[in-house]
Amino acid sequence: MSRLVVISNRVPLPSERGAKAGGLAVALADALQPGSLWFGWSGRRSTRGAGTTHIQRSDGITYATIDLTEADYRSFYVNFSNGALWPLLHFRLGLLDFKTEDYGGYRSVNRQFAAALLPLLRPDDMIWVHDYHMIPMAAELRALGVTNRIGFFLHTPFVPPSIFNALPRSGELLNSLCAYDIVGFHTRSYRAAFLDCVAENFGVHPDPDGRFTWRGHAVRAIVDPVGIDADAFSEQAIVAARGSDARLLRDSLSKGGLAIGVDRLDYSKGLINRFEAIGRFFANYPQHRRQVSFLQIAARSREEQGSYQRLRRELDRIVGDTNGRYSEFDWTPLRYMTRAVKRDTLAGFFRLSRIAVVTPLRDGMNLVAKEFVAAQDPEDPGVLILSRFAGAAEEMTEALMVNPYDSDEIAEAMHIALAMELEERRERWQALHEKVRTSTARQFCTVFLNHLGVPDTQPVKPRLRAIS
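Here the residue numbering is sequential within each chain, running from 1 through the sequence in written order. In keeping with the predicted nature of the model, local features appear solely for residues at pLDDT of at least 70, side-chain atom pairs appear and are counted solely at 80 or more, and the whole-chain, interface and lining totals rest on all residues. Derived side-chain values reflect all non-hydrogen atoms in the structure, with water molecules and hydrogen atoms excluded from consideration.

### Observations regarding the packing of helix α10 (residues 271–284) against helix α11 (residues 306–326)
When two helices pack together, their arrangement is given by the angle between the helix axes and by the axis-to-axis distance. Filter applied, for reference: Only C-alpha atoms enter the line fits that serve as axes; for helices the fit covers just the stretch in contact. Angles between N-to-C directions range over 0 to 180 degrees. Helix and strand definitions follow DSSP, with helices as H or I runs of at least four residues and strands as E runs of at least two, each counted in order from the N terminus. An angle below 35 degrees is read as roughly parallel, one above 145 as roughly antiparallel, one from 65 to 115 as roughly perpendicular, and any other as oblique. The contact criterion used throughout is that any non-hydrogen atoms of two residues lie within 4.5 Å. Under the grouping applied here, Gly and all other residues not named as nonpolar or charged are polar, the nonpolar ones being Ala, Val, Leu, Ile, Met, Phe, Trp, Tyr, Cys and Pro and the charged ones Asp, Glu, Lys and Arg.
At a closest axis distance of 10 Å, the pairing of α10 and α11 adopts a crossing angle of 10 degrees. The angle between α10 and α11 falls in the class roughly parallel. Facing α10, whose interface residues are Leu271, Ile272, Phe275, Glu276, Gly279, Phe282 and Ala283, α11 presents Leu311, Glu314, Leu315, Ile318, Val319, Thr322 and Tyr326. When its residues are assigned to classes, the contact of α10 with α11 shows 10 nonpolar, 2 polar and 2 charged.

The structure is reproduced here in structure tokens:
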């Protein structure tokens, strides 16, 4: 069997514990068998940069990492990946900050990754590259003579040509994506946006299965939504709901119920709109005061960037205003914390919650929505309120769908959820739970690797648009 080589910006090292052990590591757990290699950045900055490859081994899996210099970290990670690509891919052109030198640093770091990985590769390795930090990786490996099958999965949304083409050098990035054999997206709309970019920029029209040939290279774009192990998460939630953290939370609520939101502290998550909606909820539906408290967990991220600092200040202001307006001496309407919480603790909190509010302005998938559903008590399930702009919305149609820009609509959905009869809650939950149990992390890995492992035997001939 071919060895799987995973490449990502950060590598979740076996020495990392607690709240860090999540995200991509959870999604790829079924794919990473003994003998696999995971390669990427160590998370450290040093004067030597990529001069040395650090190797760790655990449970038969090899973890290989390189350091970055401070200058490379700034240009590659802070400035271009998070200052230009992240806002672009989340439809926020007003926050896009492009500088030519940062783009050069982004390409340079991908080139360093490729050079450091090359001595570790075997001829029959299957290479799976993850996320927007690594878009040029296949092109850099091809330039070094690598002919292995290489796949790429984008964990963010993808944008239509009218937005994508606003980024300087977007054509170069699109060309780099076409150096992969398989390009994967969470939803049909993300894949359609990518294929529209290919058609508009290159004049190549893919077939209905997302296959096309560009500069002699056969590419296939696929839809492959990521999921969770719903059964395991449910068991985790049952145990955690009986644990000390959940008990302390339950006791602090007195006789009131719990509503919850869990996100990274990021402008794409719609937190300002959500916090405003909570204020509208208690203003418009005063019967729920003292009957429910909202807990928002928003772990800090990317604190070097001004847009994130401004977001945090605005959230602090809204929280203070809301609590000052509606709090009682023995009841706080909005609880807000910016520290990370362990995944098993969150599972217990989800099980206690009557509603979850998942309202990103844009999101690649959003696994919190799936985890909340998996954690619920089948006899008395809570209600999921979900943004129609989350990737999960394409699958999870039985949630209460809202426009995340409309604070009044979110507030109304919270009222509807809390007033919903048990029979309807069960019907919605059962339909959602069946989908969450079917679209698993294991299926995500299996689908992608099946496509990556089997080359198309009949490459698609490019269909060129007419040039007038």
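### Some remarks on the packing of aromatic side chains
Aromatic ring pairs are reported here in terms of the distance separating the ring centres and the angle at which the planes meet. Note the threshold: Here the aromatic set is Phe, Tyr and Trp, taking the six-membered ring for Trp, and pairing holds for ring centres within 6.5 Å; pairs whose planes are under 30 degrees apart are stacked, those over 60 apart are edge-to-face, and all others are tilted. The buried label applies to any residue whose accessible area, calculated with a 1.4 Å probe on protein chains only, is under 20% of its type's maximum; exposed applies above 50%, and partly exposed to all values in between. Here, a charge over a ring means that NZ of Lys or CZ of Arg falls within 6 Å of the ring centre while also lying within 35 degrees of the ring normal.
Using the criterion set out here, one finds 31 aromatic pairs in the structure. When the centroid spacing of 4.9 Å and the interplanar angle of 65 degrees are considered together, the rings of Phe281 and Phe282 count as edge-to-face. For the pair Phe281 and Phe282, one class covers both residues: buried. Here the aromatic cluster, defined as three or more aromatic residues joined through ring pairs, consists of Phe39, Phe76, Phe80, Phe98, Tyr103, Tyr106 and Phe113. A cation over a ring is seen here: Arg10 above Trp41, with NZ or CZ 5.7 Å from the ring centre. Across the ring face of Phe389, the terminal group of Arg362 is positioned such that the distance to the ring centre comes to 4.7 Å.

### Describing the pattern of salt bridges
Here is the rule we go by: What counts as a salt bridge is simple: a side-chain nitrogen of Lys or Arg found within 4 Å of a carboxyl oxygen of Asp or Glu.
Across all of its chains, the model carries 28 salt bridges by this definition. Put simply, Asp30 and Arg442 hold a salt bridge, and the shortest N to O gap is 3.2 Å. Taken together, the residues span a long stretch of sequence, with Asp30 in the loop between α1 (24–27) and β2 (37–45) and Arg442 in helix α16 (residues 441–453) at a distance of 412 residues. Through salt bridges that share partners, Arg45, Glu70 and Arg74 make up one connected network.

### Some points on the sheet that holds strand β12 (residues 334–337)
Short version of the rule: Should DSSP find at least two bridges between two strands, the strands are regarded as paired.
Ordered in space as β12-β11-β10-β13-β14-β15, the 6 strands form an open sheet in which the pairing is parallel. This sheet does not close on itself; its edge strands, each paired only once, are β12 and β15 (400–402). Averaged over all pairs of adjacent strands, the angle between their axes in this sheet comes to 20 degrees, without regard to strand direction. Here strand β14 (residues 383–387) pairs with β15 via 3 bridges, running parallel. By the bridge assignment, Leu386 is partnered in β15 with Met401. Contacting β10 (257–264), β11 (292–299), β12 and β13 (355–358), α10 crosses the sheet at an angle of about 170 degrees to β11. On top of the sheet, helix α13 (residues 367–375) reaches β10, β13 and β14; it is set at about 170 degrees to β14, its chief contact.

By themselves, these observations are geometric and do not establish any function.
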